[in-house]
Amino acid sequence: MEKKRKDLHIGDKAFYWILKVMAFGIILLLLAFFVLLFKMSWPVLSKVGPSFFWFNDWNPVTEEYGALPFIFGTIATSLIALFLSVPISLGAALLITEIADGGFRKILGFLVEMLAAIPSVVYGLWGLFVVVPFLRETVQPFLSQHFGFLPIFEGAPLGVGLMAAGIVLAIMITPTIATISREIFLTIPKVYKEGALALGATRWEMIRLSILKSSVSGILGASILGLGRALGETMAVAMVIGNRAEISASLFSPAQSMASLIANEYAEASGEMHLASLTAIGFGLLIVSLFMNSTARIIVWRVERKYRGTR
Amino acid sequence: MNKFLVSFFIMVSFTAVSFVQMTNAAQLINGAGATFPYPLYSKWFSEYNKQNPNVKINYQSVGSGAGIKQLLAKTVDFGASDAPMKDDELKSAGAPVVHIPTVLGAVVVSYNIPGVSTSINLSPALVSDIFMGKIKKWNDPKIAAENAGVKFPDTAVTPVYRSDGSGTTSVFTDYLAKVSPEWSEKVGAGKAVKWPTGLGGKGNEGVAGVLKQTPGSVGYVEQVYAVTNNLPVASIKNAAGKYVQPSFESVSAAAEGALKTMPADYRVSITNAAGATSYPIAAFTYILVYKKMNATTGKDFVQFLKWSMGQGQSFAKDLAYAPLPKSLVTKVEVTISQLEF
Amino acid sequence: MREKLKSVLSVNDFRRKIINVTMISLIVISSLVAIFPLLSVFVFVFQKGFSTLSLNFFTSLPAPVGETGGGMAQSLLGSAMLIGLASLIGVPWGIASGIYITEYGHGKSAWFLRFSNDLLMGIPSIVVGLFTYSFIVAPMKGFSLLAGSIALGIIMIPIVSRSTEEILKTVPEHIREAGLALGISRYRVILNIILRGSWGGILTGVILSVARISGETAPLLFTSFNNQYWSGSLTQPISSLPVQIYTYAISPFEDWQKQAWAGALVLILFIFTINVTVRFIFRKNK
């Protein structure tokens with residue numbers, strides 16, 4: 001009887017420790033990311049310091065590297081994506097939670113989730129052979145003809161560039177924003193909604209007053225998460241962004257994002273500065289994604305907590 | 001049901017992993033580098049594998065820059081580059097690296113101009129101006145001046161360059177730096193430069209892809225990429241003042257001059273070569289190996305290199321490359337025999 | 001007076017009704033806009049890829065550049081091997097982590113573990129590739145199946161951990177208490193009682209994570225690299241379907257582009273079949 005109890009004790013302890021090591025191993029892994037990438041960026045960061053991130057040049061001949069053109073490319077495409085995606089995602093989320101019924105709701109929810117399942121390289125393939133020609137032959141010439149005086153529509157219609165990348169990214173982050181918005185909408189207590197309807201509000205007014213108004217911070221969190229995803233997207237962007245390290249006001253212009261730059265140049269960077277600069281950009285991406293994620297999670301978590309008690 | 005799923009899943013992963021153990025006696029040799037000679041190399045490796053089924057040469061066409069880098073990092077058995085390694089690159093290698101010239105090729109200026117399917121004439125000044133972004137439209141008088149009778153559309157000029165580190169870029173910018181002081185000063189030469197304007201494509205393949213799809217575009221690619229994609233090729237005015245199309249004859253003529261002064265390590269530039277029939281943007285392309293190769297792969301690879309100097313050269317012409325001049329082949333064979341493993 | 005009031009109210013009503021209809025229509029339209037790309041991708045991939053799907057495609061190695069008749073056989077096998085090996089790394093680690101957080105985690109430390117898990121999940125896959133290159137490929141002096149699997153495994157861990165956690169959270173507390181009250185050791189309670197009931201859900205999470213990594217390209221670009229041949233070794237580069245699709249897609253050769261579409265078709269059919277099947281089974285289990 002004594003022996004049995006001892007065995008159990010050891011078995012339990014062993015199990016517990018194995019699991020603990022693996023769970024905390026994740027934290028170790030995160031730290032390893034941080035440390036290793038920082039160490040490999042050191043040659044360039046120690047030379048020019050944080051000014052690396054706002055230096056506007058990338059010249060392998062003179063060995064002068066700065067991340068600004070790619071920060072621009074990343075931010076511009078991601079903002080375009082957000083601008084296009086947020087209204088669409090909210091619309092889809094609202095349709096699913098408020099307007100659609102039973103079977104239709106399930107189908108729609110499923111379709112939105114399937115959007116998330118398509119791999120980046122397939123979106124890139126589709127972007128390259130469907131979206132780009134469409135932009136080049138139809139959309140951009142039209143915009144150029146009628147609105148070409150605006151700086152954002154300046155330049156030759158090439159198809160590839162900020163516009164194409166922004167559109168493809170918008171589609172890719174829609175499921176993220178839509179799904180989280182849907183979760184937020186579902187946490188809103190029924191009382192709010194029924195109350196509004198009982199007072200004679202139209203459907204839209206109910207949505208506007210009870211749901212949207214109370215979900216602002218939740219939607220913000222969802223958007224930040226979507227933004228975080230857009231910032232790190234690599235393949236689809238690399239295939240349609242035009243591969244040009246330049247800052248420009250026009251949506252037609254080719255650009256380069258931080259992620260697509262690394263994908264294009266990392267395999268061949270052999271100069272110490274070149275390699276360190278690329279790694280530094282990767283490090284920047286890491287920091288930004290960690291930051292975006294934490295912020296978004298905290299916001300979303302707070303919103304969900306707010307309503308959980310009042311169900 | 002669950003048990004079935006679990007066991008099925010385990011079986012599938014297991015089978016997949018156990019394939020790992022299916023190592024046959026075949027020798028796998030890994031290489032990476034230039035996209036310039038890739039069509040020829042892939043033919044070579046395929047043919048050689050047919051004749052020697054035990055030897056598999058896995059070559060990834062990722063650009064000369066990557067080829068050199070991976071060789072220096074020793075993550076591949078051999079590299080390939082059209083740009084000879086620079087002195088500081090050779091120094092950082094630690095051990096001696098040997099350049100083996102394999103074939104001659106032409107960097108052509110190809111374009112997609114709506115309505116123009118013939119070869120246009122371009123002088124060095126024009127090429128430089130186009131890639132500098134100084135010529136904005138195809139119906140610019142400067143272009144018309146050298147191409148009487150050709151109807152150019154009012155389309156914007158979009159230069160296309162390599163977004164990755166490229167030997168082809170190195171050859172092209174080397175030529176431009178020679179013929180245009182402005183280019184030399186403002187942009188310079190190298191495997192990767194800061195292009196004044198245009199779009200980037202990854203690899204010769206990527207540039208050709210962009211050219212095919214973008215009206216008004218003009219780019220530089222290795223000849224076979226233009227040929228296989230039915231893209232027109234410009235005639236470039238050479239140092240002797242003649243407009244020359246790239247061909248076996250004009251490329252070989254460009255190499256002729258260099259043969260007399262060929263250095264022992266074969267690192268030369270043959271751009272803007274003298275001679276009435278020389279094509280001005282021609283280049284050797286090299287396979288790069290350490291003098292002391294890996295014991296397991298070295299032996300087989302050296303055999304392959306010998307084959308490339310013999311039978312290999314016969315495949316070059318069909319793919320729009322020029323075989324090495326016979327006198328050079330003799331020298332290279334000596335170099336190959338000096339490789340150790 | 002009454003008439004006036006009535007007319008004012010009805011104008012207002014009318015306005016509100018118009019706005020209602022307009023906004024609801026916009027909501028419907030925006031949902032359609034959201035779904036449209038899904039259909040477009042499917043239609044195009046099917047249209048352009050279907051005709052290239054042949055026995056040859058599935059069984060041949062690539063042909064030399066410019067020649068037709070090649071296939072993606074080695075890429076398909078390569079992907080299978082990468083996924084298999086990645087699962088060996090990612091699944092046990094992820095499940096272990098998920099179990100720990102749910103069963104043994106408490107208060108602040110559990111929150112911190114969950115948070116770190118989410119952070120790991122949010123790291124862009126290209127950065128994972130960078131890390132794995134510096135950590136594995138450079139010291140090992142070679143691209144390899146091992147490096148590629150490690151990169152994919154790192155991506156899998158937080159996904160599996162999260163889904164395991166979600167499933168275990170739904171197990172009612174009284175089952176745990178009942179088991180412990182019977183004198184069974186804690187680890188047996190977890191293994192034999194809790195996990196036994198939750199296997200379906202956990203497996204669902206695992207299979208969905210497999211679907212997710214099967215499409216990953218960026219982390220493989222400089223870890224497993226690519227290979228024209230069958231690969232039989234942990235320490236040699238290996239081909240994979242997404243990398244091959246990417247390489248072919250940006251090339252100018254029409255034959256290659258057709259193969260890229262076919263490869264994309266195979267990939268999304270694989271992913272969708274998994275997603276649909278798993279949901280179906282999961283629904284049944286409930």
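Along each chain, residues carry numbers from 1 onward, in the same order as the chain's sequence is written. Working convention: letters from A go to chains and numbers from 1 go to ligands, in the order in which they are written. Per-residue local features of the predicted model are confined to residues with pLDDT of at least 70, and side-chain atom pairs are confined, for both listing and counting, to 80 or more; whole-chain, interface and lining totals are unaffected and use all residues. Side-chain measures were taken over the full set of non-hydrogen atoms in the model, leaving aside hydrogen atoms and water.

### Quick notes on the interface of chain C and chain A
We apply this condition: Only heavy atoms matter for contacts: two residues are in contact if any of them lie within 4.5 Å across the pair. The term buried area means the drop in 1.4 Å probe accessible area that two parts suffer when joined, counted for both and summed. By salt bridge we mean one thing: a side-chain nitrogen of Lys or Arg within 4 Å of a carboxyl oxygen of Asp or Glu.
Counting residues at the interface gives 75 residues for chain C, matched by 73 residues for chain A. Regarding the contact of chain C and chain A, the summed buried area is about 6900 Å², with carbon and sulfur atoms giving 82% of it. Of all residues in chain C, the largest losses of buried area upon contact with chain A belong to C:Tyr100, C:Leu130 and C:Phe131, amounting jointly to 9% of the total for that side. Inspection of the chain C/chain A interface yields two salt bridges. Of the charged contacts, one joins A:Arg297 and C:Asp118 as a salt bridge, the two residues approaching to 3.4 Å between their closest N and O atoms.

### Remarks on the interface of chain C and chain B
Quick note on the threshold: Distance and chemistry together define a polar contact, namely a pair of N or O atoms within 3.5 Å, with one atom able to donate a hydrogen and the other to accept it when in protein, and with adjacent residues in sequence counting only for side-chain atoms on both sides. In this description a helix means any DSSP run of H or I spanning at least four residues, a strand means any run of E spanning at least two, and both kinds are numbered starting from the N terminus. Three classes are used, and their members are as follows: Ala, Val, Leu, Ile, Met, Phe, Trp, Tyr, Cys and Pro are nonpolar, Asp, Glu, Lys and Arg are charged, and the others, Gly among them, are polar.
At the junction of the two partners, chain C supplies 41 residues and chain B supplies 43 residues. Applying the counting rule to chain C against chain B returns one salt bridge. Our enumeration of links across chain C and chain B arrives at 11 residue pairs in polar contact (both at pLDDT 80 or more). The set of elements that each furnish at least two residues to the side of chain C that touches chain B consists of helix H3 (73-104), helix H5 (125-140), helix H8 (186-214) and helix H11 (254-285) of chain C. Broken down by element, the side of chain C that touches chain B gets its largest block of residues, seven residues, from H3(C). Split into classes, the residues belonging to the side of chain C that touches chain B amount to 25 nonpolar, 13 polar and three charged.

### Remarks on the packing of H3(C) against helix H10 (residues 241-249) of chain C
Residue and element names in this part refer to chain C. This is how it is decided: Lines fitted to C-alpha atoms define the axes, with helix axes restricted to the stretch in contact, and inter-axis angles between N-to-C directions lie between 0 and 180 degrees. Oblique is the label for any angle not under 35 degrees, not over 145, and not in the 65 to 115 range, which are roughly parallel, roughly antiparallel and roughly perpendicular in turn.
Packing of H3 against H10 brings their axes to within 7 Å, and their N-to-C directions diverge by 140 degrees. Taken together, the axis directions place H3 and H10 in an arrangement best described as oblique. Residues Gln74, Ser75, Leu76 and Ser79 of H3 form the contact with H10, whose participating residues are Leu241, Pro242 and Gln244. Looking at the contact of H3 with H10 residue by residue, the class counts come to three nonpolar, four polar and no charged.

### Some remarks on the nonpolar core
What counts is decided by this rule: Side-chain atoms within 4.5 Å link the members of a nonpolar core, which is a set of buried Ala, Val, Leu, Ile, Met, Phe, Trp, Tyr and Cys residues. Three exposure classes are used, based on accessible area relative to the maximum for each residue type with a 1.4 Å probe and protein chains only: buried under 20%, partly exposed in between, and exposed over 50%.
Among the nonpolar cores identified, the biggest contains 308 residues, and A:Phe33, A:Tyr123, B:Trp138, B:Phe172, B:Phe284 and B:Phe301 are the most heavily contacted of them. It is helix H5 (residues 162-187) of chain A that contributes the most residues to this core, 15 residues altogether. Leave out the neighbours within four places in its chain, and B:Phe301 touches B:Ile29, B:Ile57, B:Phe78, B:Ile287, B:Val289 and B:Met293.

### A few points about the confidence of the model for chain A
Applicable threshold: On a scale of 0 to 100, pLDDT captures the predictor's confidence in every residue.
Summarising the model, chain A shows a mean pLDDT of 87, and 95% of its residues fall at 70 or more. This stretch, residues 1-7 of chain A, has a pLDDT under 50; its non-local contacts, to residues over four places away or in other chains, come to zero contacts.

### Notes on the confidence of the model for chain B
Mean pLDDT for chain B: 89, with 92% of residues reaching 70 or above. Two summary scores accompany this predicted model of the complex, namely pTM at 0.89 and ipTM at 0.89.

### Section: the pairing of strand E1 (residues 27-33) of chain B
All names here are of chain B. Short version of the rule: When the strands point away from the viewer and the path from the first strand over the helix to the second turns clockwise, the crossover is right-handed. Between any two strands, pairing holds if DSSP finds at least two bridges.
For E1, the tally of buried residues reaches seven of seven residues, placing the bulk of the element in the interior. Read from E1 through helix H2 (residues 38-51) to strand E2 (residues 55-61), the crossover connection turns out right-handed. With three bridges joining them, E1 and strand E3 (residues 78-81) adopt parallel strand pairing. Directly across from Ala32, in E3, lies its bridge partner Gly79.

### So, the sheet that holds strand E6 (residues 158-162) of chain B
Residue and element names in this part refer to chain B. With mixed pairing, eight strands are arranged side by side in an open sheet as E2-E1-E3-E11-E4-E8-E6-E7. Edge positions in the sheet fall to E2 and strand E7 (199-201), since each has one partner strand and no second. Neighbouring strand axes in the sheet, compared pairwise and without regard to direction, differ in orientation by 25 degrees on average.

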